[in-house]
Structures are given as C-alpha cells and as structure tokens.
Amino acid sequence: MSGRSVPLEPDRHVASPRLLEGLRVWCTMLAICLEERLVYRGDFLLGTAMRFLPIVTQIFLWTAVFSATSRADIAGYTRDDVVAYYLLTMLTRAFSSMPGLAGGIARSIRDGSIKKFLVQPVDFIGFLLAARVAHKLVYYAVAIVPFAAVFLLCRGYFPPPPDAPTVLVFLASLVLAFLLGFFMEATLGMLGFWVLEVSSIVFGYMLVQYLLSGHMFPIDMLAGIPTGIPGVNVADLVQWLPFGYTAYFPAAVWLGKIEGEELFRALAVEVGWVVVMAIACRAAWHRGTRRYGAFGG
Amino acid sequence: MSRYLAIFRTFARACLVRDMTFRANFLLECLTSLGWMSMNLAFYLLVFTFTPEIGAGSGWTKAPFFAFVGTGLIVNSIVQALFMPSAEELTEMVRTGGLDAVLVQPLDAQFLVSMHRVDFSSFANGLVGVGLVAWAVPRLEHAPGPIAWLVYPLTILCGVAILYGLVIMLAAATILMGRNQSLYDFWFYLTNFSRYPAEIYAGPWGGPLRAVCTFVIPILLVVNVPARVLARPLAGEAWWAVVTALLAACASLAVSRAVFQAALARYRSASS
C-alpha cells in the first residue's frame, strides 16, 4: 500500500462556479430521467393516444345537450367553445398533471429510500423537478403527434387564434400550471413525513382537483350557484383557489374568456399560488427531514 | 359446475375476511369509489340545469337519464367487483411467471385468472345505482310493467357478460404481449362509450361509431338495453334490442373464450 493520497474531488470542482456546477448536476439528472422514460416508449405512445378517447364522448354529449336546449350558449360557451375548451384542458392537464408524484415521495419516505438524498449532495426537490421535466419532455415528444392530429382534425371548433400578447400569457400560464401542479403534489407527498399513508389525502385532493380545476366542465358554469355570501357565486370563489389554474385558466385565456384587467389579476393569483406552494414544499422538506428517522442498510 | 361455485364461494369468503380484517381500508375504498361517482352525478345534475334532455327528442330527460346512470353503476360495479381485481393482477402474473402456478391447478385457467379475487368495496357504487333506479322509476313517464322487471335483471346479466368478454379478451392480449399496462386503461376508455345513451352518437361521425359500438364491440348494449327496458315501453323494437343483447352476450363469451384459449396455447413461461 503506497502512502500516496488520492484527492477525493478533482480541482476543477473547486474552481468552477457553484451555479454552473449545480446546473451540470441538474442536466445529468435530466439526461438520466430522459433515458429512463424512453425505455417504455411503445406503451407510452399507446397510452397517450388513448387519452383522447373520452374527448370523443364529450363532443357527442355536449352536441346532444346543445341540440336539446334553445340556448345559443351555456355560461358564455357555445357548443364549439365547449369542445375547444375540453381539447385545451387536455393540453393544460398535460402540463399540470403529475401522476405518481405525491405517492412516489410518500413511498420513498416510508420505505427509507429517501435517505440517499440526505447523504448525497443532491437536492431532492431539484431532482424531482428534473425528473418531471424529463417526464414531460418525453411525453410532449411522443404526444405531439396525436395532439397535432386531433387539434388539426378539430380546428373547426376553435375561434380565430388570439393576439400575440394573449398567446404569451397563455404560454406563461402553461409553464405556471406545470410548476403549480408540481409543487402542490410534491407538498402533498411530503406529508408522508408526518403520516404513514398519504393515499387517502391524495385521493381527497384529486377529487377536489377534478371538480374545481375545470377538468370536468368550464368553471364559468358554476356562476349560477350561490355561495351564501351576497354577490359571490361558486365560480367567483373558485377563481381564488389554486385548482382552476391547472386546467381551466390557460384554456379560458386562449378562448378569450378572460381578458384585460381580469386576466392580469388571475395571472397574479396564479404566480402567488406557485410561490406559496414552492415555499410550502421547501418548508415541508426542511421540517420533515429534521424529524425523519431511518434504520438499517 | 357446483364444484366451481363452491370454489368461488371460498374465494369470495377469503376476500371478505381479508376486507373485514382491514375495515378502515375497506371503508376508505368504498368512499373512494363513492367519491368519484358523486363527482359524475354532480356533473350530470349541472348539465340538467342547462338542458331539459340529453339529445333533442331523445326522451332522455332527467328521470330516465338517472335510471340509465343507475343501471350503468349496477353493471359496472358487478364487473369491477367480480372480475377486474383478478384481471388487473394478470399483467404481473404473466411478467413474473406466476401464471404457471395457475396453469398447473386442476381447474379451468380462465376461471382462476378472472375470478379468484372479489373486491366487495366496488359493490358500494352498485348500491347507489339501485338507489338511483329506485328514485327514477316513480318519476318515469312509462312505469315499467312486471315483464320489464323480469327482463331487466336478464339484460343486466347480458351487460355483465359483454364486459366480462372484453376483460377476458384484454387478458388474452396481455398473455400474448407479455406486459401491457395500457390495455387496462384501454378498458376504461372503451367502457367510457357505454356511459351515455346511444342517441348522442348521431351525425356523419356518430352513426358509424354507434354501429361499431353496437355490432363490432357491443359496448353500447351494456347499459343502453337494460336502461331502455326500464325507461321505455317494452314493445316492438325494444324486444329486438333485448334479443340483440342476448346474442351479443353469448357471442362475447364464446369469442373471448376462444381467444383466451388461443393465447394460453402461445404462452411462454417467464419463470426459471
């Protein structure tokens, strides 16, 4: 055994700026997750294409509803608007939905696999974010084919494209929807530090999310339901909650249902929720890891 | 046959004992399915605040439509409780070689693969379905007669048989493909077409789709036929619908059996 010491880290690690190093780690995590996602690409393509099947029944259902009513529109939506709305919520859900995120975090807390993030110089939330970005990038790369085909086929349902600033707000709302969906689900998963099984909490969240996000129907349709507070209906109340920003809001922006001052107020509410949930997620991780105990190998 | 019934009773009893051992989990599972079902009912109630019926002149006003929804809940809860839990396990059984243990049993493989697990919590939705039908029937324009009440359970069984055939076909596809999770998603997406009255599938696209979903994959007969037996007078064309459902159920069982046997013949064990 020679007495020569081996440096644990190359010198360049010390020399390189911390930010650049963090970015390099993040890119590596992204590349790993991309490769992981592409293993089951056939199954992935089939699953993506099939998600459009429920839209077909929705188109026929709403066509039947409008054929039986004398109304030209329902809550400001014509039949074509409703179809376009459902298609656009498919797109927004593609950004905001985080399948398996909360359950996965809770599982790694429960089975102890999370402890590797406590000893490695890798930020857990950053890793999860990179994994989700990779997941989404692969999803979009595969899903762009059926999405483009369906949107092209259904182009007749869409109103003329909005102006450039509205398109920019729409794109920003999609990115914010991704971040909001990520931080909300990640925070739910972090509850695993306090309760052993989060599946019932996740279920409750999904139920509320399904109803209030606008996934089932445009939130404007709730405007006729009173809350008991004078001058405030259920739709008004839902606008202040985070759920609508994960499905309804981007779709409503594209369709011109939210404009002017109201648009910027809604965007500010969405940014506010992203910040709140990001802080909540970080705080839950910080407090959770302090009380976490793992035993054995 | 009596041997299989006795074995099924043993399976069901074991599952019930298991469910009752984890009672809180059982209640949670009941609440889970009731929660999703309530969301859908809330959506239908909202739709009826905007329109008097689903489809102009279709006759699917609020009461008949909720009889339809209740019937759908009954049919689906039977399939979800009796067949889906077993079928869902098949993917892993094929992938890990666990299917070998099924094939060496002195019992029919299709019976074991499709009926060894019963999910009693899924019956919760069925009970709500019965409640919905009980609410809707006194409000129907044509009260169902005694013959309709006799035919109704028969057509519900036809619906269950058609869906069972579909489950078995997908199980066969899983055996052939080795592993495919999307096929079970496909089951849910496909049965989505049966959730609404057939009249909504109208127009240049709806007509052919309705024909395919009636005669090729008879998914539209699953709920539509029993719901019609209750909600509409049972005369003339209605009888043809009942006969069609009976034929479709028999065909579904026979074809799925043949496909399943063919798939098993091609099965290559994954175990060592």
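None of these values were measured; they are calculated from a predicted model.

Calculation rules
Residues numbered from 1 in each chain as written. Chains lettered and ligands numbered in written order. Predicted model: local features only at pLDDT ≥ 70, side-chain atom pairs only at ≥ 80, totals over all residues. Helix = DSSP H or I, 4+ residues; strand = E, 2+ residues; numbered from the N terminus. Contact = placed C-beta atoms within 7 Å. Nonpolar A, V, L, I, M, F, W, Y, C, P; charged D, E, K, R; others polar. Axes fitted to C-alpha atoms, helices over the stretch in contact; angles between N-to-C directions. Parallel < 35°, antiparallel > 145°, perpendicular 65-115°, else oblique. Buried ≥ 20, exposed ≤ 12 C-beta atoms within 10 Å, placed from the backbone. Arc of directions from axis to C-beta. Expected span 1.5 Å × (residues − 1). pLDDT = per-residue confidence, 0-100. Core = buried A, V, L, I, M, F, W, Y, C linked by C-beta atoms within 7 Å.

Trainee: Help me get a handle on the overall build of chain A, residues and values and all.
Mentor: Regarding its fold elements, chain A presents 13 helices and zero strands. Each helix and strand of chain A, ordered N terminal to C terminal, gives the series α-α-α-α-α-α-α-α-α-α-α-α-α. Considered along the principal axes of its C-alpha atoms, chain A spans approximately 90 × 45 × 35 Å. For chain A, the proportion of contacts with a sequence separation of at least 24, taken over those separated by at least 6, is 82%.

Trainee: Account for the interface of chain A and chain B, naming residues and giving values.
Mentor: Contact with chain A, which involves 25 residues of that partner, is made by 30 residues of chain B. Those elements that provide at least two residues to the side of chain A that touches chain B are α3 (41-50), α4 (53-67) and α10 (199-212) of chain A. At eight residues, the largest contribution of residues to the side of chain A that touches chain B is made by α4(A). Looking at the side of chain A that touches chain B, its residues break down into 17 nonpolar, six polar and two charged.

Trainee: Kindly report on the packing of helix α8 (residues 146-177) of chain B against helix α11 (residues 221-231) of chain B, identifying the contributing residues and their values.
Mentor: Residue and element names in this part refer to chain B. Following both chains from N to C, one finds α8 and α11 inclined at 175°, their axes separated by 8 Å at the closest point. When the axis of α8 is compared with that of α11, the two are roughly antiparallel. Note on element contacts: α11 touches α8 through L221, V222, V223, V225, P226, V229 and L230, opposite A148, V151, Y152, T155, I156, C158, G159, I162 and L163. For the contact of α8 with α11, a count of residues per class yields 14 nonpolar, two polar and no charged.

Trainee: So what's going on with helix α6 (residues 101-110) of chain A? Residues and values would help.
Mentor: Residues and elements named next belong to chain A. Taken together, the buried positions of α6 are occupied by L101, A102, I105, A106 and I109. The buried residues of α6 occupy an angular sector of 130° when projected down its axis, which confines them to one face. Elements that come into contact with the buried residues of α6 comprise α8 (124-153), α9 (164-190) and α10. Positive phi shows up at G112, right after α6, with a value of about 90°.

Trainee: Which residues make up α10(A), and what values do they have?
Mentor: In a regular helix each residue adds 1.5 Å, so 14 residues correspond to 20 Å; α10(A) covers 20 Å between its end C-alpha atoms and thus fits that length. All buried positions along α10(A) are accounted for by V202(A), Q209(A), L211(A) and L212(A). If you follow the buried residues of α10(A), they end up packed against α6, α9 and α11 (234-239) of chain A together with α2 (23-47) of chain B. Following α10(A) by one or two positions, G214(A) adopts a phi angle in the positive range, close to 90°.

Trainee: A description of the confidence of the model for chain B should follow, citing residues and the corresponding values.
Mentor: All names here are of chain B. Overall, the prediction assigns chain B a mean pLDDT of 88, with 97% of residues at 70 or greater. Across chain B, the secondary-structure element scoring lowest on mean pLDDT is helix α9 (residues 182-191), at 77, and the one scoring highest is helix α3 (residues 62-82), at 94. We note a pTM of 0.83 for the whole complex and an ipTM of 0.87 for its interfaces.

Trainee: Lay out unusual backbone geometry with the relevant residues and their values.
Mentor: A positive phi angle is found at A75(A), which is not glycine, with a value near 50°. Among the secondary structure elements, A75(A) is positioned in the loop between α4 and α5 (79-96).

Trainee: Describe in detail the nonpolar core, supporting the description with residues and values.
Mentor: L180(A), V167(B) and A171(B) are the most contacted members of the largest nonpolar core, which totals 141 residues. Once you skip the residues sitting within four places of it in the chain, V167(B) turns out to touch F83(B), M84(B), A87(B), S114(B) and W187(B).

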